[in-house]
Amino acid sequence: MTPSNQKGNIQRILLACVVICLTITGLLVAKTVFFSTIPGGKYNNPQVAQKVIGGTIYDRNSRVLSIEVPRYRLTALCGTLNPAQKEVFAQILSLFTDKTPGEIKTLTSDRSSAVISDDFDNMYSESLTEELEKYGLEKNIEIKRGVQRNYPCLFHACHVIAETENEMNLQISPLPEINKEETYGCNVWLTIDLDVQYLLDIAAQQVAYESKSDIVIASVTETETGKTVAITTYPYCDLNQSFPEEIKNTASLSRINRLSPYFVEYVDDGFGNKRKPEKTFFSHDDHTAIAIYDNVNGSCKIQTLGKFTVLIGCSAKNAETTIDRAVKNLESGLKSQSKL
């Protein structure tokens, strides 16, 4: 074989080695990219937040209007108990709940489990368990922790709070987030002043009682800005108990309680990042006054008290004198609070 032929063979061999090396390198790179995206070629479930912590609603002075609090459900697991055990079981549970032994026996008579309390006071859980242990019944209860909304101001601003939670539900109580252990809802600050709200609720109640009105609608707004400081409708209710459908669905309430941006001062994401509402505030005349005149076919009055504009309307005819007295009482209360 001539030297030139040997040189050609060596070049071909080297070329083949280079091709083989490049092929192997390409396969290794492809394998690394593919299997780093899908480890082992299997689907992995994403982490979903196991806890959603709802936001809090405040008035303009950072007083709590609505907050999420722990809630404990007590369930009786009574499917394996004989009649004698059920009797003892009912007697013990009645000592730690608001139900009588007879009521508990009725609840557990024909079912394997029954909810005894949806709002069990967890401070008694240890004492209850110890009492049941004496009779070997400690495994026949289940106490689970949940959450519920609590309304410290009772019936004050109930319609506004209920409508805020309804309209901003996904902001206050969002869906669980991906790749996070907990999800936090937004906190909301309203333009409502709870002190003024209290006075207005009392004034509305006074007008309702004295004029025998079926409904009273009233508001206090800042004259210059149109921001709502207080707004109410009578009848109202304690949101901790219920929000009766007959009140919620009353046609004359639905329009005035429709949430508008002027109720919301600002929102934060739970980490102190505050932002203003996306829309501008509506003026007093643009919304509240129109709602009053549209919905109250009775007596109505608008009066300026210093920096505030007060509006009170009721379904009773010829109730102007009663409304005047309520406005004067409201004015006295505002002065005592140094609002005027």
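## Side note on the overall build of the protein chain
Move 1: What the protein chain contains, in helices and strands, is 11 helices and 13 strands.
Move 2: Looking at the protein chain alone, contacts between residues at least 24 apart form 68% of all its contacts between residues at least 6 apart.
Move 3: Accessible surface computed for the protein chain: about 19,300 Å², of which carbon and sulfur atoms make up 53%.

## Concerning helix H11 (residues 320-336)
Move 1: Its 17 residues give H11 an end-to-end C-alpha distance of 24 Å, which sits within 8% of 24 Å, the value for a rise of 1.5 Å per residue.
Move 2: What H11 keeps buried is the set Thr-322, Ile-323, Ala-326, Val-327, Leu-330, Gly-333 and Leu-334. Down the axis of H11, the buried set is contained in an arc of 135°. They therefore lie on one face. In H11, the exposed positions that point more than 90 degrees away from the buried face belong to Thr-321, Lys-328, Lys-335 and Ser-336.
Move 3: Taken together, the buried residues of H11 touch helix H7 (194-211), strand S8 (216-222), strand S12 (299-305) and strand S13 (308-314).
Move 4: At the exit of H11 stands Ser-338, carrying a positive phi of roughly 60°.

## Brief notes about the packing of aromatic side chains
Move 1: Tallying each qualifying case throughout the model produces six aromatic pairs.
Move 2: Each ring, one from Tyr-58 and one from Trp-189, has its centre 4.5 Å from the other, and the planes form 20°; the classification is stacked. One end of the pair, Tyr-58, is in strand S2 (residues 57-58); the other, Trp-189, is in strand S7 (residues 187-190), with 131 residues separating them in the sequence.
Move 3: Residue Tyr-58 is classed as buried on the basis of its relative accessible area, which comes to 17%.
Move 4: Look at Tyr-234 and Tyr-236: their rings are 4.9 Å apart centre to centre, the planes differ by 90°, and that puts the pair in the edge-to-face class.
Move 5: Tyr-234 sits in the buried class, given a relative accessible area of 15%.
Move 6: A relative accessible area of 13% places Tyr-236 in the buried class.
Move 7: Aromatic rings pair up to connect Phe-155, Tyr-209, Tyr-234 and Tyr-236 into one cluster.
Move 8: For Lys-274, the ring lying beneath its charged end belongs to Trp-189, and the centroid distance is 5.6 Å.

## Focus: the confidence of the model for the protein chain
Move 1: In this model, the protein chain carries an average pLDDT of 80, and 75% of its residues clear a pLDDT of 70 or more.
Move 2: Low pLDDT, under 50, characterises residues 249-259; the predicted model gives this stretch 30 contacts beyond four residues in sequence or across chains.
Move 3: Taken as a whole, residues 279-293 scores under 50 in pLDDT and shows 43 contacts with residues more than four places along the chain or in a different chain.

Reading guide: rules and limits
- Residues numbered from 1 in each chain as written.
- Predicted model: local features only at pLDDT ≥ 70, side-chain atom pairs only at ≥ 80, totals over all residues.
- Heavy atoms only, no water.
- Helix = DSSP H or I, 4+ residues; strand = E, 2+ residues; numbered from the N terminus.
- Contact = heavy atoms within 4.5 Å.
- Areas by Shrake-Rupley, 256 points an atom, 1.4 Å probe, with all protein chains shown as cover.
- Expected span 1.5 Å × (residues − 1).
- Buried < 20%, exposed > 50% of the residue type's maximum accessible area, 1.4 Å probe, protein only.
- Arc of directions from axis to C-beta.
- Phe/Tyr/Trp six-rings, centres within 6.5 Å; stacked < 30°, edge-to-face > 60°.
- Lys NZ or Arg CZ within 6 Å of the ring centre and 35° of its normal.
- pLDDT = per-residue confidence, 0-100.

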